[in-house]
Amino acid sequence: MTGLLTAAQMRALEQDAMDRGAAVGLDLMERAGRGVVEAVFEHWPELAQLPHHAVVLCGPGNNGGDGFVVARLLQQWGWRVEVHLFGDPAKLLGDARVNHDRWCAMGKVHPFDAATPRHGDQADLFVDALFGTGLTRPLSSVLLDWARERRDDRAAQAKTVAVDVPSGLCSDSGRILGEGGEAVWAALTVTFHARKLGHVLNAGPSRSGRTVIKDIGLTRGAESAAHDIQAPTIALGKADGAHKYSHGHALILSGPPGAGGAARLAARAALRVGAGLVSLCCEAAAMPEHAARLDAIMIKPLNGAGDLARLLEDDRLNALCLGPGLGLARARDLVALACARARPRGTVLDADALSAFQDAPQDLFAMLHEHCVLTPHAGEFSRLFPDLAEQLNAPALHGPAFSKADATRAAAARAGCAILFKGPDTVIAAADGRVSIHAAIHERAAPWLATAGSGDVLAGIIAGLLARGAAPMQAAETAAWLHVEAARSFGPGLIAEDLPEELPKLLRALCD
């Protein structure tokens, strides 16, 4: 996993390098500008072949200083370059001032105003160097008008590179600043040293386009706000000589007759991901319908809490999944027993097991332990954590704005267990404050997961990994990655039943 930084962490990293004498501000700015030009020519190789026309939009801070470097380098390449500055040039300070003056020795600085080019037919490249990670206020006045006019101009967006982060976007949350605010749409964003949280959360991926990281010589690492999941975080192979109980026994609790499809999806996913045994427990009246659909998965009658208590006397049963198709009343009856602290097991609570406590979430939190994983989508999250959801859904009037990572971290601390907050920007947090993000974006986008039952499969994958001995955080991280990879492997036409059947292909590739 790689680290995702906040704006404050990035500033501290740069300041530390300068304080240690490992870097000079002007050198960092020069490397950043060169990195942008390199990335532009890598992304659009045709632009490196002949001189073109660039419009470079500079702001009043260091992001604008990066823009002046880009303008100078492009002009040295033979390009025709227009520079438009938002702000008073007399108020530019430090390194930004130096690079402004260097550009002025080569070309003119135009004021950013209503005549500033903005449409796709006015330039071959737009460079957004207006505001970077330090932006704390919404775009306004002429900047807001400029951004809004480009909102539906696909040609202009396709020619835009953002320096560090698209202007108008909070780099800590990916949220657009301001009530009814706007942010620049870019085809390419070039950031430095590491991606920021805002590149992978909320509107960040759509506004940033493809995000490229360029090295600017910061050799020392930094404490990360979150980790970016790019591969499984646990080993998925099976050892020679092991037997089925070596890989755990997962119990999937199902609901009444006619409502068992979700539990079957979860059970099959748990088995396919490598649990040694999987049992599906249902009302006795529902056993025939499950028996007609399942072979390798065992079916057991469970008519109430007494039956579950007897099943849990077997210590070899080490993982539980409650929620998919369980029913609200049945969930209220069984969750407390499933989460019993006297003999804690890896426990996934999804769907009905969460919604059953929407009127009294504190009752649920009192039952939970550190081996639990909650898997809410946005609606379920808002019912369990209404105050956090309110902050997350309120307009981001200033930065740094409250983020999905902040909300999930706070929720995990309150619940005392791991939480996987679903979405294209899935956030996973542990009670101790660790946060990971799995962003299914750009080349790893998986739009085919928007199908009924896919969440049930995710819950089953987590349960299977818990049965195999994975810690809750690692089980959730790896399940999120496998879930998306399975969807990408199958592609268009995917239905939930296809996801478990793609897992062997993925596991084979990982274990080879």
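Refer to the preceding data block for the structure.
Read on for a plain summary of the structure.

## Details of the environment of Asp240
In this structure, Asp240 sits in the loop between β9 (226–228) and β10 (249–253). The class of Asp240 is exposed, set by a relative accessible area of 79%. Sequence spacing of Asp240 and Gly346 is 106 residues, and the spatial spacing of their C-alpha atoms is 24 Å.

## Brief notes about the pairing of β10
Judged by how many residues are buried, β10 sits mostly within the fold: 5 of 5 residues are covered. Here β10 shows two buried faces, one formed by His249, Leu251 and Leu253 and the other by Ala250 and Ile252. Across 5 bridges, β10 lies against strand β11 (residues 277–282) in parallel orientation. Each residue of the ladder has a partner; that of Ala250, found in β11, is Val278. In this region the chain leaves β10, passes through helix α8 (residues 261–272) and returns to the parallel neighbour β11; the handedness of that crossover is right-handed. When β10 meets strand β13 (residues 317–322), the two strands line up parallel, connected through 4 bridges.

## A few points about helix α19 (residues 498–511)
Within the sequence span of α19, burial applies to Asp498, Leu499, Pro500, Glu502, Leu503, Leu506 and Leu507. Those residues of α19 that are buried lie in contact with α8, α17 (454–467) and α18 (472–490).

## What about the nonpolar core?
Membership of the largest hydrophobic core comes to 55 residues, with the highest contact counts inside it found for Ile252, Val278, Ile461, Ile462, Leu465 and Leu482. Top element by residues in this core is α18. It accounts for 10 residues. Here Ile461 is in contact with Ala269, Ala270, Val273, Ala479, Leu482, His483 and Leu503, once residues within four sequence places are set aside. Ranked by size, the runner-up nonpolar core spans 54 residues in total, among them Leu4, Ala226, Ala411 and Val427.

## As for the side chain of Arg150
Within the secondary structure, Arg150 sits in the loop between α5 (141–149) and α6 (154–157). Residues in contact with Arg150, not counting those within four places in the same chain, are Arg118, Phe126, Ala156, Gln157, Thr160, Val184 and Trp185.

## A few points about the environment of Pro324
Summarising the element assignment, Pro324 is placed in the loop between β13 and α11 (328–338). Residue classification places Pro324 among the buried residues on the basis of a relative accessible area of 0%. Linking Pro324 and His110, residues 214 residues apart in sequence, is a C-alpha distance of 60 Å.

## A word on the packing of helix α3 (residues 62–76) against helix α4 (residues 94–104)
Between α3 and α4, the shortest axis-to-axis distance is 8 Å and the interhelical angle comes to 25°. Between α3 and α4, the angle is such that the two are roughly parallel. Of the two elements, α3 crosses α4, and the hand of that crossing is left-handed. Residues Asn62, Gly65, Phe68, Val69, Ala71, Arg72 and Gln75 of α3 form the contact with α4, whose participating residues are Ala96, Asn99, His100, Arg102 and Trp103. A per-class count over the contact of α3 with α4 returns 5 nonpolar, 5 polar and 2 charged.

## Some thoughts on the layout of surface pockets
A volume near 710 Å³ is recorded for the largest pocket. Lining the largest pocket we find 26 residues, and of these Arg11, Glu14, Asn62, Asn63 and Thr133 sit closest to its centre. At the level of elements, α1 (7–19), α2 (25–43) and α3 are the ones that each hand at least two residues to the lining of the largest pocket. Among the elements that make up the lining of the largest pocket, the one with the highest residue count is α1 (5 residues). Looking at the lining of the largest pocket residue by residue, the classes come out as 11 nonpolar, 9 polar and 6 charged. Volume-wise, the second largest pocket comes out at about 310 Å³. Gly423, Pro424, Thr426, Leu449 and His483 are the residues nearest the centre of the second largest pocket, which is lined by 17 residues in total. A per-class count over the lining of the second largest pocket returns 10 nonpolar, 6 polar and 1 charged.

## What about the packing of aromatic side chains?
Applying the stated rule across the entire model yields 8 aromatic pairs. A ring pair is formed by Phe86 and Phe131, whose centres lie 6.2 Å apart and whose planes are at 70°; its orientation type is edge-to-face. Linking Phe86 in the loop between β3 (80–85) and α4 with Phe131 in the loop between β5 (125–129) and α5, this pair joins segments that are 45 residues apart in sequence. The interplanar angle of 40° and the centroid separation of 4.9 Å between the aromatic rings of Phe381 and Phe385 together place this pair among those described as tilted. Of the two residues, Phe381 and Phe385, neither departs from the other in class, the shared state being buried. Between Arg316 and the ring centre of Tyr245, over which it is positioned, the NZ or CZ distance is 4.2 Å.

Procedures and definitions
- Residues numbered from 1 in each chain as written.
- Predicted model: local features only at pLDDT ≥ 70, side-chain atom pairs only at ≥ 80, totals over all residues.
- Heavy atoms only, no water.
- Helix = DSSP H or I, 4+ residues; strand = E, 2+ residues; numbered from the N terminus.
- Buried < 20%, exposed > 50% of the residue type's maximum accessible area, 1.4 Å probe, protein only.
- Pairing = 2+ DSSP bridges.
- Right-handed = clockwise from strand over helix to strand, strands pointing away.
- Contact = heavy atoms within 4.5 Å.
- Core = buried A, V, L, I, M, F, W, Y, C linked by side-chain atoms within 4.5 Å.
- Axes fitted to C-alpha atoms, helices over the stretch in contact; angles between N-to-C directions.
- Parallel < 35°, antiparallel > 145°, perpendicular 65-115°, else oblique.
- Left-handed = near helix turned anticlockwise from the far one by under 90°.
- Nonpolar A, V, L, I, M, F, W, Y, C, P; charged D, E, K, R; others polar.
- 1 Å grid on protein atoms, 1.4 Å probe; cavity = no way out; pocket = protein on both sides within 12 Å on 5 of 7 lines; lining within 4 Å.
- Points joined across faces, edges and corners; volume = space filled by probe spheres on them.
- Phe/Tyr/Trp six-rings, centres within 6.5 Å; stacked < 30°, edge-to-face > 60°.
- Lys NZ or Arg CZ within 6 Å of the ring centre and 35° of its normal.

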